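An overview of the molecular structure
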Amino acid sequence: MELKTVLTIGGSDSSGGAGIQGDIKTLLANGVYATSVITTLTAQNTTGFRAYMDVSPDFLGNQIDMVFEDIVPDAVKIGAVPTPDLIATVAERLKSFGAKNIVVDLAMVANDGTKLIEPDTANLYAEKIFPMATIVTLGLKELEFFSGVKITNRQEISDATKKFAEKYSCAILAKGGGDENDASELLFDGTNARWFRGKRVDTKNTHGAGTALSAAIAAGLAKGSALIQSIDEAKKYLTGALSSGLVIGKGVGPVNHGWNIK
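Here is what the cut-offs are and how they apply
- Residues numbered from 1 in each chain as written.
- Predicted model: local features only at pLDDT ≥ 70, side-chain atom pairs only at ≥ 80, totals over all residues.
- Heavy atoms only, no water.
- Helix = DSSP H or I, 4+ residues; strand = E, 2+ residues; numbered from the N terminus.
- Rg over C-alpha atoms; globule rule 2.2 N^0.38 Å.
- Buried < 20%, exposed > 50% of the residue type's maximum accessible area, 1.4 Å probe, protein only.
- Contact = heavy atoms within 4.5 Å.
- Areas by Shrake-Rupley, 256 points an atom, 1.4 Å probe, with all protein chains shown as cover.
- Lys, Arg positive; Asp, Glu negative; His and termini not counted.
- Charge placed at Lys NZ, Arg CZ, Asp CG, Glu CD.
- Pairing = 2+ DSSP bridges.
- Right-handed = clockwise from strand over helix to strand, strands pointing away.
- Core = buried A, V, L, I, M, F, W, Y, C linked by side-chain atoms within 4.5 Å.
- Axes fitted to C-alpha atoms, helices over the stretch in contact; angles between N-to-C directions.

Some points on the overall build of the protein
- In terms of regular secondary structure, the protein is built from eight helices and nine strands.
- In terms of overall size, the protein behaves like a compact globule, its C-alpha atoms giving a radius of gyration of 17 Å where 262 residues would be expected to give roughly 18 Å.
- Counting all 262 residues of the protein, 50% fall into the buried class.
- Taking all contacts inside the protein whose residues are at least 6 apart in sequence as the whole, residues at least 24 apart take part in 66%.
- About 12300 Å² of surface is accessible on the protein, with carbon and sulfur atoms providing 51% of the total.
- The positive charge centre, built from 26 side chains, and the negative charge centre, built from 29, are 6 Å apart in the protein.

Points about unusual backbone geometry
- Unusually for a residue other than glycine, asparagine 101 sits at a positive phi of about 50 degrees.
- Inspection of the secondary structure assignment puts asparagine 101 in the loop between α3 (84–97) and β5 (102–105).
- The phi dihedral of serine 169 is positive, around 60 degrees, even though this residue is not glycine.
- With respect to the element layout, serine 169 can be found in the loop between α6 (154–168) and β7 (171–175).
- Judged by its relative accessible area of 60%, serine 169 falls in the exposed class.

Considerations on the pairing of strand β2 (residues 33–45)
- Direction of pairing for strand β1 (residues 5–13) relative to β2: parallel, over a ladder of nine bridges. Each bridged residue has a counterpart across the sheet, and for serine 12 the counterpart in β2 is leucine 41.
- Since β1 and β2 lie parallel, the crossover through helix α1 (residues 19–29) that links them has a hand, and here it is right-handed.
- Two strands pair when backbone bridges link them, and β2 and strand β3 (residues 48–54) are joined in this way by six bridges, in the antiparallel orientation. When the bridges of β3 are listed, leucine 41 appears paired with methionine 53.
- Linking β2 to β3, which pair antiparallel, is a turn of two residues.

Re the side chain of threonine 26
- One can find threonine 26 in helix α1.
- Excluding anything up to four places from it in sequence, threonine 26 contacts Ala212, Ala215, Ala216, Tyr237 and His257.

Re the nonpolar core
- In this structure, Ile78, Tyr125, Phe130, Phe146 and Phe164 are the most contacted members of the largest nonpolar core, which totals 44 residues.
- If sequence neighbours within four positions are ignored, phenylalanine 164 has contacts with Phe130, Val136, Leu138, Leu143, Phe146, Ser147, Ser169, Cys170 and Ile172.
- Counting residues in hydrophobic clusters, the runner-up holds 29 residues, among them Val6, Ala219, Tyr237 and Leu242.

Comments concerning the pairing of β1
- Counting buried residues in β1 gives nine out of nine residues, a clear majority hidden from the surface.
- As judged from the four bridges shared by β1 and strand β4 (residues 75–78), these two strands associate in the parallel manner. Within β4, the residue paired with threonine 8 across the bridge is lysine 77.

Let's talk about the sheet that holds β7
- Overall, mixed pairing links the nine strands, which are arranged β3-β2-β1-β4-β5-β6-β7-β8-β9 in an open sheet. At either end of the open sheet lies a strand with only one pairing partner, and these are β3 and β9 (193–196). Strand after strand, the sheet turns through a mean of 20 degrees between neighbouring axes, direction not considered.
- With four bridges joining them, β7 and strand β8 (residues 185–188) adopt antiparallel strand pairing.

On their own, these measurements won't tell you what the molecule is for.
Given below as structure tokens:
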């Protein structure tokens, strides 16, 4: 049996809801084999974030090398890369290996309000990694930061995606339709815009939702699906993961990554 493969690069989440652990579950549920490269270790659970420890650039580079030298990924998903040295290492290695179908999901603030990356580092991440991407997925606050457009309505979401795509030469998926009851996303690929409609699921257990969406998109690309189909299928997967009623932990619990596995 042969499976397509996806490499996920990002942070470890000890609660299992997001980061590397959430990505591996998502990729398995979407029919691909997951490899992983860890950039940072975190101590967190559903109630909050306590501590982190970054890996060294040399160790990060060795992880990437070992994956590409043996299991060349059909797609790559990149999440948290928290320091300038680590960002430079990821960009250099992926360029040297000719990585394809790169999906980038950068969160600047966690669900509990914890700052995940400093603005100067976020700008370096954007400069080095965004132009390599097939698609970047961003929440509206992150899209405001990188585009410079204040977002209060759908027209401003559209304006922001166009400025972003022009600046970084990649497709952008803006997550959230600008309304608290809206779970629609806007794709702008540099030429065309397309809304993917959706209604917000009434649940507090949303930890890992953004990483699940981007990892599922990467799975679709790895299997040879077009970008639009990959996003459409990823949204259906995420809706199921949010709607299944999973309750784990005392705080903001994880989505149910394996809701579709029988």
